[in-house]
Amino acid sequence: MVHETTLENGLTLLVQEVHTAPLASVWCWYKVGSRDEGPGVTGVSHWVEHMNFKGTTNIPRDQVKGIIEQFGGSWNGYTWIDQTTYLETASASALDRMLFIEAERMASCLYTPEDCESERTVIISELQGGENDPEQRLDTEITATAFKAHPYRHPTIGWLSDLKTMTREDLYGHYRRYYVPNNATLVVVGDVDTADVVRRVQQQFGGIVSGVPARRPTTVEPPQGGERRVHLRKPGTTAYWRAVFHAPAFTDPDFFPMLALDAMLTGASGLNIWSGGGVATPQRSARLYRGLVNTGLASSVGGFLAPTAEPFLYSIAATVAHGQSIGAVERAVLDECTRFAADGPRPQETDKVLAQLRARFVFDAGSVTDLAHQLGYFATIASWRDWTTIGDRLAAVTPEAIHAAARTYLVPDNRTIGIFEPTTGEIEAR
Amino acid sequence: MALAPVRRVLPNGLTVITARNPLIPAVSLAIGVNAGASADPATSPGTAALTARVLDKGTTRFDADAIADELEGRGASLSVGAGRQQVVVSATCLVDDIGAVLPVASAVARQPTFPEGEVATRRAELITGIQEAADDPGSVAVDALQAALYPDGHPLGRPVRGTHDAVAALTRADLVAFHQRYFVPAAAIVVAVGDIDAGKLADRISRGFADWSGLPTPIPLPPAPAARTDRALIVKPMPDKSQADVAYGNVGLSRGDPDYYAALVMNNALGQYALGGRLGDSIRERQGMAYYVYSSMDAGLDAGPLMVRAGVSSDNVERTIASIDAELTAVLTTGFTAAEVDDAKRYLIGSLPRQLETNAGIAGFLLSAEVYGLGIDHDARLPQRIAEVTHDDVARVARRLLDPARVVVVVAGPWSGPAA
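Residues numbered from 1 in each chain as written. Chains lettered and ligands numbered in written order. Predicted model: local features only at pLDDT ≥ 70, side-chain atom pairs only at ≥ 80, totals over all residues.

A. Region of the structure containing the overall build of chain A. Along the backbone of chain A there are 16 helices and 11 strands. Relative to the 2.2 N^0.38 estimate, which gives 22 Å for 430 residues, the radius of gyration of chain A is 22 Å and therefore close to what a compact globule would have. Each principal axis of the C-alpha distribution contributes one length, and for chain A these read about 60 × 45 × 45 Å. In chain A, buried positions account for 54% of the 430 residues. Intrachain contacts of chain A at a sequence separation of at least 6 include 80% that bridge at least 24 residues. (Helix = DSSP H or I, 4+ residues; strand = E, 2+ residues; numbered from the N terminus. Rg over C-alpha atoms; globule rule 2.2 N^0.38 Å. Buried ≥ 20, exposed ≤ 12 C-beta atoms within 10 Å, placed from the backbone. Contact = placed C-beta atoms within 7 Å.)

Put into structure tokens, the structure is as follows:
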């Protein structure tokens, strides 16, 4: 039972009582992510997220460390294309402390010039650590190739030159523009009393002044109109193959048929991008697992369709197995896509993946932290009520709708293919 | 809230442990068998890893398609993983499906057929993973550190995933022999946690596994590893990478060591608490050199390594190593403050309810407590064990385990060695 309240300053509060463990999870979500960034300041949302762990007016820098650990708690945050979010999960007795941290984070972060500079190199190190992974490099390139107009095209961490040149004023300005109560959703789930939570939130957040968040970009990605390709040739040991297809946004009626299509191709992955529900994707009977991994062409294959505010990408990713060719992997995937677009689902295949997805939606909420994540995530990209209807939307999916989704989205004109080809040949690992 | 698990040892030697957790209508199952990489023949590292990959690809009762049909029509998930001590068959399903999933998981652990074609396919899969690790500076650094700390064929000196040549030479017969030797009830533990009565769940599991037979083969105990007494630098140049990975450490201690809890607190204060303890304060927060820096302790049946890890640009490699040296020296000379020790203890105790919230978290905790013989009420006694650690205990274990003059330092990445 979710209780929704809106404070006078516009802050949306969602509370759900769960009394199975003496824990509470608090998440504060902001409608700002890398799609709100223009040239010169790519990566600013993520850098701001880092800065918002560095001390506030009432939490001195040297008292940030341990502020939630004292309660056995963990904290974290992440930034992606549509959203920035922060969380604490700790003993329910630490509720006031968790709310205090989030209220401070919303209104009173310091952004000292020294902290901004020291974090610049931490973030560049984060970017370079990612570059060590050929798959991350390929993901960055393929996304930037698939989008030419929509700001989903640049990586959330930003382009290196922007990270080198952004200023403290860029960071602080972004923080002040978007970190206002009427651009935020606060979620509290756990061993709490709803009326008590509402009272405490009113005390902690009621005095924060609302603002006018910047208008979000309205660019619509034009139809792709032809296959695109990116082919990286770099030192490495292993070849990777990707295809991405422009995909429906979460609220689009095509989203759930597309999710079922992904489950048929690569296994049912659910809708929790934070933890995946902590359960391995069931892949044994998925078409591409059988066609690529069981045949030995690839050592792994996976699909990813994230629920997003605007149309993003559906991706299929394969690791080319030792001794196999990139071309054979590509043919196997594209042939399956063609076959699916021609023939649609097999008898019983729809029932199977709908059962899988129903179970995934249960696993997706397997802790108070995950449950709070799901409420806040969907509140930020659509509305939390949309999350409560996922079972109904799934149940309404028909084989015909899945077939139609394949014919609409899995077509050559809508796809970008990415290849990472290692150039140093085979390096034997001993 | 104590877990109050049910524990039984069946006449065939199998241990069964169950607990109820009402959060979601699902069950997590783990079948742990003492057949991890520490049981790999010395000449065949990767045997347990390949066994795990082929185990669920066909059994005498269910062929691969039947396994898929039984599980996937219900949205159940089953996977097999190899670790140092154990191979673990893990399954997650809705409560209503446990009756169908249990026989499949049992058959996977007990009656795999290791089809010839599957052995070939999964061997290539594992070799691909070995190649990928050879291109990852973090894996290269950790593998080199372990090899240096655990020489002369010690199992901890070999990666769980195995090596290219050894895995390439593994045959079906090797896997069959490994399975026959080690996958026996007395070497296995079945743990199940979910929204279902613990006693009834234990009954069901006991019935399903009662006819499993076979006598255990002890895994030969390797010699106790000797800690380094000198300092060594190993450089693994990977010039095309964007940044370098540092792995810095020495032999730590085993799970049964009397200093274990003191070391747990010490490691937390050194390189875990908040953003990486003292090391994080220095290297990430004050100097801005790394996105990740932390210490870790691998206390198993053997004394695994205590290591510090960091990812830094090549320009900062020497400064990072010097900073780790300086932090260790500071701990040795002036020690941790009383507040640091108290904070670490409070955190370790206070984080237990989070660890024990989910089905999988509880199952993993109970499995590990059984493997290390910690007792069925370990969750209830653990807070006291941590609370009893004193400031002097932490200082003593720091002196025992942290000495910059006795470590191996590995750097893997775009760095070719110290400036002349």
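Having seen it, we continue.
B. The arrangement of the overall build of chain B in detail. Looking only at helices and strands, chain B has 16 helices and 11 strands in total. Its C-alpha atoms give chain B a radius of gyration of 23 Å, within 12% of the compact-globule value 22 Å for 420 residues. Referenced to the eigenvectors of the C-alpha coordinate spread, the extents of chain B come out at roughly 65 × 50 × 40 Å.

C. Representation of the domain arrangement of chain B in the model. All names here are of chain B. Segmenting chain B into domains produces domain 1 (6-209) and domain 2 (232-413). Relative to domain 2, the C-alpha centre of domain 1 lies at a distance of 28 Å. Listed per partner, the contact involves 28 residues of domain 1 and 32 residues of domain 2. Residue classes in the side of domain 1 that touches domain 2 are distributed as 17 nonpolar, nine polar and two charged. (Domains from an automatic or database assignment. Nonpolar A, V, L, I, M, F, W, Y, C, P; charged D, E, K, R; others polar.)

D. The arrangement of the domain arrangement of chain A in detail. All names here are of chain A. You can read the domains of chain A as domain 1 (2-205) and domain 2 (228-422). Of note, the centres of domain 1 and domain 2, computed from C-alpha atoms alone, are 27 Å apart. Listed per partner, the contact involves 31 residues of domain 1 and 27 residues of domain 2. Every element with two or more residues in the side of domain 1 that touches domain 2 is listed here: β2 (12-17), β3 (23-30), β5 (84-91), α5 (134-146) and β6 (184-190).

E. Quick look at the interface of chain A and chain B. Across the boundary between the two partners, chain A contributes 57 residues, which contact 61 residues of chain B. The greatest single-element share of the side of chain A that touches chain B, amounting to nine residues, is contributed by helix α4 (residues 113-131) of chain A. Classifying every residue of the side of chain A that touches chain B gives 18 nonpolar, 27 polar and 12 charged.

F. Geometry of unusual backbone geometry. All names here are of chain B. Phi at phenylalanine 114 is positive, roughly 45 degrees, even though this residue is not glycine. On the secondary structure map, phenylalanine 114 appears in the loop between α3 (98-110) and α4 (116-134). Look at phenylalanine 114 and you get buried, because 22 C-beta atoms sit within 10 Å. Even without being a glycine, alanine 274 presents a positive backbone phi close to 55 degrees. Here alanine 274 is to be found in helix α10 (residues 273-286).

G. Representation of the environment of Phe312(A) in the model. All names here are of chain A. As for its placement among the helices and strands, phenylalanine 312 is situated in the loop between β9 (298-305) and β10 (313-320). The class of phenylalanine 312 is buried, set by 26 C-beta atoms lying within 10 Å. Separated by 231 residues in the primary sequence, phenylalanine 312 and isoleucine 81 place their C-alpha atoms 9.5 Å from one another. The residues touching phenylalanine 312, leaving out its near neighbours within four places in the chain, are Ile81, Tyr152, Ala247 and Ala306.

H. Representation of the pairing of strand β2 (residues 15-20) of chain B. Residues and elements named next belong to chain B. Of all six residues in β2, five are buried; the element is thus mostly enclosed. Taken together, the four bridges between strand β1 (residues 6-9) and β2 define a ladder with antiparallel strand orientation. Across the sheet, valine 9 pairs through a bridge with threonine 15, a residue of β2. In textbook terms, the turn of a hairpin is the stretch between consecutive antiparallel strands, and for β1 and β2 this stretch comprises five residues, one of which, glycine 13, has a positive phi near 100 degrees. Across six bridges, β2 lies against strand β6 (residues 188-194) in parallel orientation. Across the sheet, the residue bridging to valine 16 is valine 190, located in β6. (Pairing = 2+ DSSP bridges.)

I. Quick look at the pairing of strand β9 (residues 290-299) of chain B. All names here are of chain B. The buried fraction of β9 amounts to seven of the 10 residues, a majority that puts the element mostly inside the structure. Sheet analysis places β9 next to strand β10 (residues 303-312), joined by seven bridges and oriented antiparallel. Paired with alanine 299 across the bridge in β10 is alanine 303. In textbook terms, the turn of a hairpin is the stretch between consecutive antiparallel strands, and for β9 and β10 this stretch comprises three residues.

J. Region of the structure containing the environment of Thr121(A). Assignment of secondary structure puts Thr121(A) in helix α4. Discounting chain neighbours no more than four positions away, the residues touching Thr121(A) are Gly288(B) and Met289(B).

K. View of the nonpolar core. Among the nonpolar cores identified, the biggest contains 274 residues, and Ala260(A), Ala105(B) and Val265(B) are the most heavily contacted of them. The biggest single contributor to this core is helix α9 (residues 255-266) of chain A, with nine residues. Ignoring sequence-local partners within four residues, the contact set of Ala260(A) consists of Thr350(A), Val353(A), Leu354(A), Leu357(A), Val397(A) and Ile402(A). (Core = buried A, V, L, I, M, F, W, Y, C linked by C-beta atoms within 7 Å.)

L. Layout of the sheet that holds strand β1 (residues 2-6) of chain A. All names here are of chain A. On the basis of which strands lie adjacent, the open sheet formed by six strands has the order β1-β2-β6-β3-β5-β4 and mixed pairing. Where the open sheet ends on each side, the last strands, each with one partner, are β1 and β4 (74-79). Across the sheet, the mean angle from the axis of one strand to that of its neighbour is 15 degrees, orientation sign disregarded. Each of β4 and β5 is contacted by helix α1 (residues 44-51), which is oriented at about 165 degrees to β4, the strand it contacts most. (Axes fitted to C-alpha atoms, helices over the stretch in contact; angles between N-to-C directions.)

M. Layout of the sheet that holds β10(A). Residues and elements named next belong to chain A. Across the sheet, five strands lie side by side as β7-β11-β8-β10-β9; this open sheet has mixed pairing. Lying at the two open borders of the sheet, with one neighbouring strand each, are β7 (228-234) and β9. Taken pair by pair, the neighbouring strands of this sheet meet at an average axis angle of 10 degrees, ignoring direction. Direction of pairing for β9 relative to β10: antiparallel, over a ladder of seven bridges. Each bridged residue has a counterpart across the sheet, and for glycine 302 the counterpart in β10 is alanine 317. Across the sheet, α9 lies against β9 and β10, angled at about 175 degrees from β9, the strand it touches most.

N. Here's a closer look at the packing of helix α1 (residues 47-55) of chain B against helix α7 (residues 172-182) of chain B. Residue and element names in this part refer to chain B. In contact at an axis separation of 10 Å, α1 and α7 are set at 95 degrees when each is read in the N-to-C sense. Our classification of the angle between α1 and α7 gives roughly perpendicular. Here α1 contributes Thr47, Leu50, Thr51 and Val54 to the contact with α7, which in turn contributes Asp174, Leu175, Phe178 and His179. Looking at the contact of α1 with α7, its residues break down into four nonpolar, three polar and one charged. (Parallel < 35°, antiparallel > 145°, perpendicular 65-115°, else oblique.)

O. Highlighting α4(A). If you check α4(A), its first and last C-alpha atoms are 27 Å apart, about what 19 residues at 1.5 Å a residue would give, namely 27 Å. Listed as buried for α4(A) are Asp115(A), Cys116(A), Glu119(A), Thr121(A), Ile123(A), Ile124(A), Ser125(A), Glu126(A), Leu127(A), Gln128(A) and Gly129(A). Packed against the buried residues of α4(A) are α1, α6 (160-165) and α7 (168-178) of chain A together with β9 and β10 of chain B. (Expected span 1.5 Å × (residues − 1).)

P. Just helix α12 (residues 349-363) of chain A, in detail. For α12(A), built from 15 residues, the straight-helix expectation of 21 Å at 1.5 Å per residue is met to within 8% by its first-to-last C-alpha distance of 21 Å. Burial analysis of α12(A) places 11 of its 15 residues in the buried class, which makes it a mostly covered element. The complete set of buried residues in α12(A) reads Thr350(A), Lys352(A), Val353(A), Leu354(A), Gln356(A), Leu357(A), Ala359(A), Arg360(A), Phe361(A), Val362(A) and Phe363(A). Tucked into the core, α12(A) has its buried residues touching α9, α15 (390-395) and α16 (399-409) of chain A together with β3 (26-33), α2 (64-72) and β5 (87-94) of chain B.

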